[in-house]
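Examining the three-dimensional arrangement
Chain residues, written in single-letter form:
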Protein chains: 2
Amino acid sequence: MPEIDTCEISFIDENKVKAVQRNIPLEGTVNQLSVIFKLMGDPTRLKIILALSMEELCVCDIALLLGLTRSAISHQLRLLRGPRLVKFRRAGKLVYYSLDDQHVKHLLKDGLEHLSD
Amino acid sequence: MPEIDTCEISFIDENKVKAVQRNIPLEGTVNQLSVIFKLMGDPTRLKIILALSMEELCVCDIALLLGLTRSAISHQLRLLRGPRLVKFRRAGKLVYYSLDDQHVKHLLKDGLEHLSD
DNA sequence: ATTACGAGTGAACAATTGTTCATATGTTTG
DNA sequence: CAAACATATGAACAATTGTTCACTCGTAAT
């Protein structure tokens, strides 16, 4: 038998919902924010970020560190460059990457603290 | 012609790499951490988390708030329950969800700050 | 007990993602 | 310029993911 899986009755608590609705960031902001978290949500990229939180490193060394090809690392660094999680500088044939700002470190710290509660 | 895409030469800067290698968290910790970030990296789940950072809400109201089915929300909340990002309590037929601890709020704050730099 | 309804679950599908392979850039050195 | 090498990129593939659909579970009320 057909069944509609949406709440036919209105809100359980309309006031709360309306208040939340007003205070949720704009769609665009939420999406940008989710991009940041999604990028940090892959083990390979997270290791890259953790490594860069300690030392500025070139692509080749990151690849060796993680046991992946330079190509794979390059692809991931490209993604991280987009929303400015990492920055880079050229030094001859090498390209050195580092974290772009301090917030990323804070995210790492808060995340690690959550794990040990 | 066949080509091997791994650094045949050793590390560019072996000391730095070794130091980083020693200080990177254990594989398991990195994975757990990446799970947290990945969960926050989906717009739907992030909106749920943002909503719950303001108010305790039942599944039905979250579904209405986001314009998705209760089933979809239920699936996502199940994922968020795993690593204890959210907790819940029953109240009759309703189940109310809220953030499990304060670290998640900090993660939201740091992330939003990163966006406005 | 039966009905009603909010919440949870499993299967399935389209869409997205991470890596590899092959090739292209760009820079330094001969 | 040509060769060597670090990095970047595009296409393609398998693997993962988010939502929907259909159904079940749990609680409350008649």
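These numbers were taken from a predicted model, which means no experiment stands behind them.

Let us look at the protein's contact with DNA strand C. Taken together, 27 residues form the shell around DNA strand C, and within it T44(A), R45(A), Q76(A), C60(B) and S71(B) come nearest. Among the atoms of DNA strand C close to the protein, meaning within 4 Å, 71% are from sugar or phosphate groups. Residue S71(A) places a side-chain N or O atom 2.9 Å away from a base nitrogen belonging to DNA strand C. At 3.4 Å from a base oxygen of DNA strand C is found a side-chain nitrogen or oxygen belonging to H75(A). By residue number, the principal contributor to the surface near DNA strand C is helix 5 (residues 70-81) of chain B, which donates six residues.

The biggest cluster of nonpolar side chains holds 63 residues, and the ones touching the most others in it are L52(A) and L77(A). Each residue touching L52(A), except ones within four places of it in the same chain, is listed here: L57(A), I62(A), L77(A), V86(A), Y97(A), S98(A) and L99(A).

What follows is about the sheet that holds strand 3 (residues 94-99) of chain B. All names here are of chain B. If you trace the three strands from one edge of the open sheet to the other, you get 1-3-2, paired in antiparallel fashion. Only two strands of the sheet have a single neighbouring strand rather than two, namely strand 1 (57-58) and strand 2 (86-91). Alignment of strand 1 against strand 3, held across two bridges, turns out to be antiparallel. Within strand 3, the residue paired with C58 across the bridge is Y96. Seen against the sheet, helix 5 touches strand 2 and strand 3 and runs at an angle of roughly 120° to strand 2.

Scoring rules and cut-offs
- Residues numbered from 1 in each chain as written.
- Chains lettered and ligands numbered in written order.
- Predicted model: local features only at pLDDT ≥ 70, side-chain atom pairs only at ≥ 80, totals over all residues.
- Heavy atoms only, no water.
- Near = heavy atom within 4 Å.
- Polar contact = N/O pair within 3.5 Å; in protein donor to acceptor, adjacent residues only side chain to side chain.
- Helix = DSSP H or I, 4+ residues; strand = E, 2+ residues; numbered from the N terminus.
- Core = buried A, V, L, I, M, F, W, Y, C linked by side-chain atoms within 4.5 Å.
- Buried < 20%, exposed > 50% of the residue type's maximum accessible area, 1.4 Å probe, protein only.
- Contact = heavy atoms within 4.5 Å.
- Pairing = 2+ DSSP bridges.
- Axes fitted to C-alpha atoms, helices over the stretch in contact; angles between N-to-C directions.

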